Each structure stands twice: as structure tokens, then as C-alpha cells.
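# Breakdown of the fold
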Amino acid sequence: AKDFQLPLAIFGPDMPPLQRLDEAFGVRPGTQSNRRVLRTYKWIQFKGHEEVTEFDEQHFAAEGIFSQNSSQGHKEYQDRLRTIHLRKEGLDKAQIAAALGRSERFVAKWWQKENKEIPRPWGVHEYLTKDMGRNSNGVGATNGATMVEDSVQDTATWWRDVEVKRKFADDPVIYEEILQNTEWKASNARTRDFATGAYHLKYDQRGNIRWEGHQNGKYQPGLSPATDKILQKLFAEYGIADRTSGIITNWYPDGQGNLGSHRHDCWTALFSFGHERILTIDNTPLLMQDGDLCIFGTQRHGVPIMPEITEGRITLVVFFYPNDMQKKGMWQTITDPETMTTSPAFGRMLHDQHLNLQNEKELLTPQFEKELLALQVLGFSSSDAMVALRSAQGDVDRAAELLLLSGAAPEMTLEAPKERNPPFGGRFQRRRVGAVSPGHGTSSASTDVPPTEEDDEQLARRLQEEVEASGAMSDAEVAALAMQLDELDGFADPSLLAAQFQEYDEKFTMDDAEKWNGHGDLMHSPFSREHLSLEKMDPVTLYSVGHGDMLEKDFWEMLQCHSIRVLYDIRPTDYRGEFHSRHQRFSIASLRGQCRARGVFFKSMPIGRESAYGTLAHVRSDEGRHTLVELAWQAKRKRTAFLGSEELWKDDNRQVIAEELVKAGHEVQHVRSDGSTEKHLPGIQYPDWLLREEDRLKLLEKKRQAGEAGEKVHKSRLERSSEAVAARLARPTDELDAM
């Protein structure tokens, strides 16, 4: 039992806290170093904000495990969670205070609480305080990590120290192998909801998808033999072979290729191949060179623009969830912080954890290692994959087929195939053998031959013959059986079968594309954008409503007449992206609160903003089409309405939305203020103000850019205050000499 206890002695009063990443790599702002500078690079993480960093000898020599936080609030929250975590690991108050570099008073305040009782400091997003991965509502991670039986996902698991290993993959051919053998695609830009962590697509001013400055791909075993060996090494050292369902690659052709700062919902192992590039981790620049490995948790990270770089770089990213053993070591509670070497106790724990896996691996011949890795990357556990490969004699395609047919998954265990009649096979087998007398025993050949399988037609004909022989089938039963046989004969046409299977496949694909939890944007997924369109979706009925000058009570009574449960606000915004309602009760903030109080789902997706040149132009853009698809998706599940500004639909831009929906085969009912409805008929004639809106807004944009718009200057609340007005009135009047 002592072998599995944490080495509490390393948390003595003289033990210093873990070194910060920016300090260890010599890039902390405001610090000076006398070491020789080896590189100097300009980089831009955020638009218009250029930084220059000098990388000295210390930066390229540093490797190991370091602490890093996005802000002081994140540091405070992490220390509170660490206090609880270390208390559960058996440390006393003094040891925890020494490990965190905090006072015992701080430890005493938090260490007896649970994770959910810890308040969230300012600056820490709400979704970071929830469990990792997807919750019961489907909100959460959309990465390639796989949750298995022993994965942990509590709040404390979000936080992990940063580990850097230089030249972990020291093979110069990897970059070219991945570059030449990968199918590269453009990557769209996304942002996150700070409360739920759901993803939203980013669009430009015209409503088209905004693309990232890099290309991505999906790594497949065999694309790069050198990379396969490196992944085997990574999986063996960190025990994550069955914890990832996919490995992605990002290609940055030159210094203009970039990736915006973001977080993952899991832990990440990131390789860098090719030319050296900066990886920012919580705004700390880390210069990654060819073959370097960086492992981190949910820290904010990105790849900034580097104008001086002209060569390419590829990152290979492995997502995974930690198990309980990895969680215990995530803050290095069982690692010597001075030497960064694993403690003897930790080594024994890891050895015992992987002992069975290593024994099973020895049963496979060396030529099956590549096939085993291929099945593990597909998401199957190593034990399932080994059993399947053993049964398929090393054929990876056959092994994958066996795994799928058996229903095996990462959280399930595939048992080894057993003999049909094993010798001495249990009490039932012995009873069967014992029931046969020696003089009347059957031959071994007859007991070992498996029964032949019958298809549907053969089974139907055999049953027909048996029933006809018994004379117990009625005329009605004979006629029904004959119809069934005729249907089977009709289905024998290969073209009809292929058409039906294609129809089934398209239906399954549509169902997969429509899988969404209702948070964020439906079309943020490339799979949904590829397979979902307004014309292909099942016909639905939507409601068109407008508030005009109605009272709040009357407006909600109108919606209640039709049991509206989902309300999409499509009212257009101005060139600044702001909406100004002539009634405060119908502002976006007020409507959101009213919907929340009544249990109605509310979402603002403006169609027809000035920067997109009005409704007719905006509805043809990516953003406009995605909004219509999302409306149809909601209407398929709940009563859904879209909101305009005017009470009469013919005076409102929502008539364009209704026309597009009806042309795609859906139905739209315009709701009047008294609750009655009017069905929208296709082929309406748009009013003149709608047809000329695009030209008018383009002209207005040019005037605004030239400073000739003649618009009234919008003053802030401070400039409109009574003190500001009194000060202006107290100034002496300027006298002008007219001569």
C-alpha cells in the first residue's frame, strides 16, 4: 500500500513553487537578460498590435514542466482548486501552502470546500467552471478526444501545467511526408459562448464565412511512417492510445498563416514540424522548432502572424482526456520540481498501470504494430484492437470490420472469440456430453460443423415447405407468404437495391448533419455545412411576427395564441452592428429577459444590416443561408417564429425571409396583432424601398468613408449629462468679426 502513496516529503517548507513558463523561457515582459540573443522576431497575435521578442540561449535550452495562467483571476481560481485537490491527495495545510506558494490562511479558506462551491473570479469564463466534455444537454467539447471509462472530467481537470520537450520527434522527413500526403482544406474561424462554451461561426461584414489563415487536414496512419513511430512513442509514454478519436494537422505555408487565440475542451499534445514558429500560450511566446512537443491543458493558445517567415510549418495535434493517474500528476504533485524527474512512487504507479497492456502487446508480432496503431487512432481500445487483429491474422480492414460488427467502442471490451464446442467447456458442456450414452454418441465431425446461414428468401421457402407438409396453413396465410416472396424477388434487382440503399444512406447522413444541441450555431460544423441545405430539409411551418408599437402584454398574448417556444430576432442593425429600437421594451436585452422569464428560447441573428448592403443582399450570403437553415431546424422540433420591427409584414424586411422559406418548400404564417394568421404565398413583388436598399447603402458607405455622410455625431452619455451641458452654457460666447 505504501507504493501507491504520494511522496509527501517533497512538499517540504523549502520547496519552491513550480517555475513560470515566461520566466523559464526568458520572455517575461519587463525582465532583462545578459544571455546571448539568438533570434529576434516580430509577431502579431491581435490585429494592429505588433510585438517584438528576443529569444536567447535560455529559451532554447529550457524544457520540462512549468506553470502558466491566462490572468491573475485564472491563477486565483486554479490555486483554489489545487487546494482541494491536494487535500484529497493527503497533504496537510502547511504542505499545500508550500506547494502553491500561498499562505496557510488562504489554504484554510478553501481546502474543505468542493469544486462547485468555489466562486468564479472576474475574467474566468463560466464554461471553465463546469465539468470537461459534453454535459447531459450535449453542450461541450467538439474535439477529437474520446471519453473512456476511467477518464476524469471534473472542474479541476481543466487546469494543467505546461510541459515542453525539445526534439521529441527528431526526424527531418516528417514535414515533407505530411505535407505531400495530406488532403488540405481551408479552416473557418469560430468564436465561443463564454457561458456555455458553444461555438459560433465568424462572418465578415458582407455575411460570408471568415476563414483562418491556415489549412487543416486529418492525419491517417500510413501517411508518414516516421510520424507513425513518433505517435507510438507518444502513446506509450503517456498512455493515451485509446483516448483520442482523431489526429489533426494544421499547415502554415508562411509567416502570414496564423491561428487565432482559442482554448480546447481537453488536454492537447502538439508537435511542431518544419520552420520555427511562435506558439503563444496565455500570451507567452514559445518558439517551437522542428520536432518539439508541447503538452498543455485548456490554456489559451494560438499561432500569430510572423511577417519575416517565408517557409512553412506543420503542427500535429492530438486531443485526449486524462485518466485518474494523469490527473494526479497534472499539477506535478508527485514529481520532483527541481529535477523534473518522476518520483519513484509515481514510476511504480505508472508501471503497474500499464503492466497488463505491455503483456498483451508482447503477444502481437512486430509486423502488427502499424495495424494496431491504425485501429487505435480510429478510436478502438488497444485490448479490443489486439483481439481483433489476432482473429483477423493481421488484416487491419478485416479487424476493423470485426470491431464494428461486434459493436466494440472505446468504453466497451471485446472478448476473444471462443470455440463453438470447447473441450471440457463448463457445466452445460459437460452435461451435454454426459447425456449421450457411449453407444449412441454422435461423431465429432457432426458436432463441430456450424449450421449453415440462410437468407430471407431461403428461410421463407423452407418455412413454406414445412407448413405445407404439415397441412396447417390457411389460404390467407398462403397468399400472404406468396406476396412476401414476390417482394423478395422484386428486391433482387440490383439497381432497385442500390437506389434504396442510397436513399437510406442520404437519410442517415441528414440525421447526422442535424445533430445539434441548440447552443451556438448549427452550421459551425463543416459536416453540417456540407450536407444541410434549406431545400433538402423536411418541410416545416414557421411563424412571422412583428411588434410595431404594441404593448409588451399584447405582444406576448399574440405569441401565446400560437404557442411559440422559439423566437429568432432577425431585425437589421446599423453599420456599427447595433440595433436601436424605438421602444425600450423591444430592445434585444429586454426581449432576451422577457423570453427567459417565459421559458422561450431567444436568439438574435440580424438579417439586413447596413454593412451587408441590406436584406436582399444579406440573405444570399453564407450568414443569411445559415440563419434560414437554423430556423427550419428549430421549427422541426418546436413552434418557431422570426421577429421583425413592423407590425404589418408587407412593411417589414421579414417578407424576404418568408419568401425564401416558401420557395424552398416550407410554410410561413404571418401573425397579425389580433392573433389571426395569413399564409404567405410565393412570388410576391418586393416594394421599391427593398429593391433599392442595396444601392442606397453602398452609396451611403462611400459617403461615410469620404466623410460626406452628414450624419449627426452620436454623443456619449457623459457628453449628454447635465454637468456637461451646464459647462458648455457657462462658456463665453465666441464673437466673430464679420468684416
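Please refer to the structure higher up on the page.
Residues numbered from 1 in each chain as written. Predicted model: local features only at pLDDT ≥ 70, side-chain atom pairs only at ≥ 80, totals over all residues. Heavy atoms only, no water.

## A short note on the environment of L643
- Tracing the backbone shows L643 in strand β20 (residues 640–644).
- Note on L643: relative accessible area 0%, which makes it buried.
- For the pair formed by L643 and H547, sequence separation is 96 residues and the distance between their alpha carbons is 7.8 Å.
- Sequence-distant contacts of L643, that is, excluding residues within four places in its chain, are made with V545, G546, H547, F555, L567, Y568, D569, I570, R571 and L591. (Helix = DSSP H or I, 4+ residues; strand = E, 2+ residues; numbered from the N terminus. Buried < 20%, exposed > 50% of the residue type's maximum accessible area, 1.4 Å probe, protein only. Contact = heavy atoms within 4.5 Å.)

## Describing the sheet that holds strand β9 (residues 247–252)
- On the basis of which strands lie adjacent, the open sheet formed by 8 strands has the order β3-β4-β14-β11-β16-β9-β8-β5 and antiparallel pairing. In the strand order of this sheet, the two ends are held by β3 (64–66) and β5 (185–188), each with one partner. On average, adjacent strands in this sheet sit at an angle of 30° to one another, irrespective of strand direction.
- Note that β5 and strand β8 (residues 211–219) share 3 bridges and pair antiparallel. Each residue of the ladder has a partner; that of N188, found in β8, is W211.
- In the packing of helix α7 (residues 225–238) onto the sheet, contacts are made with β4 (162–165), β8, β9, β11 (267–274), β14 (292–296) and β16 (313–320), and the angle to β16 comes to roughly 35°. (Pairing = 2+ DSSP bridges. Axes fitted to C-alpha atoms, helices over the stretch in contact; angles between N-to-C directions.)

## Description of the packing of aromatic side chains
- Under the criterion given, the structure shown has 9 aromatic pairs.
- Summarising the aromatic geometry, the rings of F271 and F273 are spaced 5.9 Å apart at their centres and angled 10° between planes, so their arrangement reads as stacked. The exposure classification of F271 matches that of F273, with both residues buried.
- Considering the side-chain rings of W516 and W633, the 4.7 Å spacing of their centres and the 70° angle between planes classify their relative orientation as edge-to-face. Note that W516 is positioned in the loop between α18 (494–513) and α19 (526–531) and W633 in helix α23 (residues 622–635), a separation of 117 residues in sequence.
- Aromatic ring contacts, followed pair by pair, group F168, F271 and F273 into a single cluster.
- Directly above the aromatic system of F168 lies the positively charged group of K233, at a separation of 4.3 Å from the ring centroid. (Phe/Tyr/Trp six-rings, centres within 6.5 Å; stacked < 30°, edge-to-face > 60°. Lys NZ or Arg CZ within 6 Å of the ring centre and 35° of its normal.)

## A word on the sheet that holds β20
- In space, the 6 strands of this open sheet follow the order β19-β18-β20-β17-β21-β22, with mixed pairing throughout. The open sheet has two free edges, formed respectively by β19 (601–604) and β22 (677–679), since each of these has just one partner strand. Taking the axes of each pair of neighbouring strands and ignoring which way they run, one obtains an average angle of 25° across the sheet.
- Contacts from helix α20 (residues 552–560) reach β17 (541–546), β18 (566–569), β20 and β21 (667–671) within the one sheet, and its direction differs from that of β17 by about 165°.
- Here helix α21 (residues 588–598) sits on the sheet in contact with β18, β19 and β20, set at roughly 160° to β19.

## Details of the packing of helix α6 (residues 174–181) against α7
- Where α6 contacts α7, the axes come no closer than 8 Å and their chain directions differ by 115°. Comparing their axes, α7 and α6 come out roughly perpendicular. Here α6 contributes I174, E177 and I178 to the contact with α7, which in turn contributes P225, A226, T227 and I230.
- Of the residues contributing to the contact of α6 with α7, the split by class is 5 nonpolar, 1 polar and 1 charged. (Parallel < 35°, antiparallel > 145°, perpendicular 65-115°, else oblique. Nonpolar A, V, L, I, M, F, W, Y, C, P; charged D, E, K, R; others polar.)

## Digging into the pairing of strand β1 (residues 37–46)
- Bridging between β1 and strand β2 (residues 49–56) involves 8 bridges; their strand directions are antiparallel. Paired with V37 across the two strands is D56, which belongs to β2.
- Counted along the chain from β1 to the antiparallel partner β2, the turn is 2 residues long, and its residue G48 has a positive phi close to 80°.

## Remarks on the nonpolar core
- Membership of the largest hydrophobic core comes to 36 residues, with the highest contact counts inside it found for F642, I657 and L661.
- Counting residues per element, the ones that place at least two in this core are α18, β18, α23 and α24 (654–663).
- Sorting elements by how many residues they give to this core places α23 first, with 6 residues.
- Once residues lying within four places of it in the same chain are set aside, the contact partners of F642 are L542, Y543, S544, V545, Y568, I570, L631, R654, I657, A658, L661 and V668.
- Formed by 31 residues, the second largest nonpolar core is a distinct cluster that contains Y175, L234, Y238 and L293. (Core = buried A, V, L, I, M, F, W, Y, C linked by side-chain atoms within 4.5 Å.)

## Observations concerning the side chain of H59
- Among the secondary structure elements, H59 is positioned in helix α2 (residues 57–61).
- Using a relative accessible area of 0% as the deciding quantity, one classes H59 as buried.
- Among the polar contacts made by the side chain of H59, one reaches the main-chain amide nitrogen of L287 at a distance of 3.0 Å. (Polar contact = N/O pair within 3.5 Å; in protein donor to acceptor, adjacent residues only side chain to side chain.)

## Description of the side chain of Q655
- Along the chain, the position of Q655 falls in helix α24.
- Those residues in contact with Q655, other than ones at most four positions away along the chain, are W649, K650, H680, I684, Y686, P687, W689 and L690.

## Side note on unusual backbone geometry
- Backbone geometry at N283 places phi at a positive 65°, although glycine is not the residue there.
- Mapping N283 onto the fold places it in the loop between β12 (277–281) and β13 (284–288).
- Overall, N283 belongs to the partly exposed group, its relative accessible area being 48%.
- Phi is positive for Y613, which is not a glycine, with a value near 70°.
- Residue placement: Y613 occurs in the loop between β19 and α22 (615–618).
- Residue classification places Y613 among the buried positions, given a relative accessible area of 13%.

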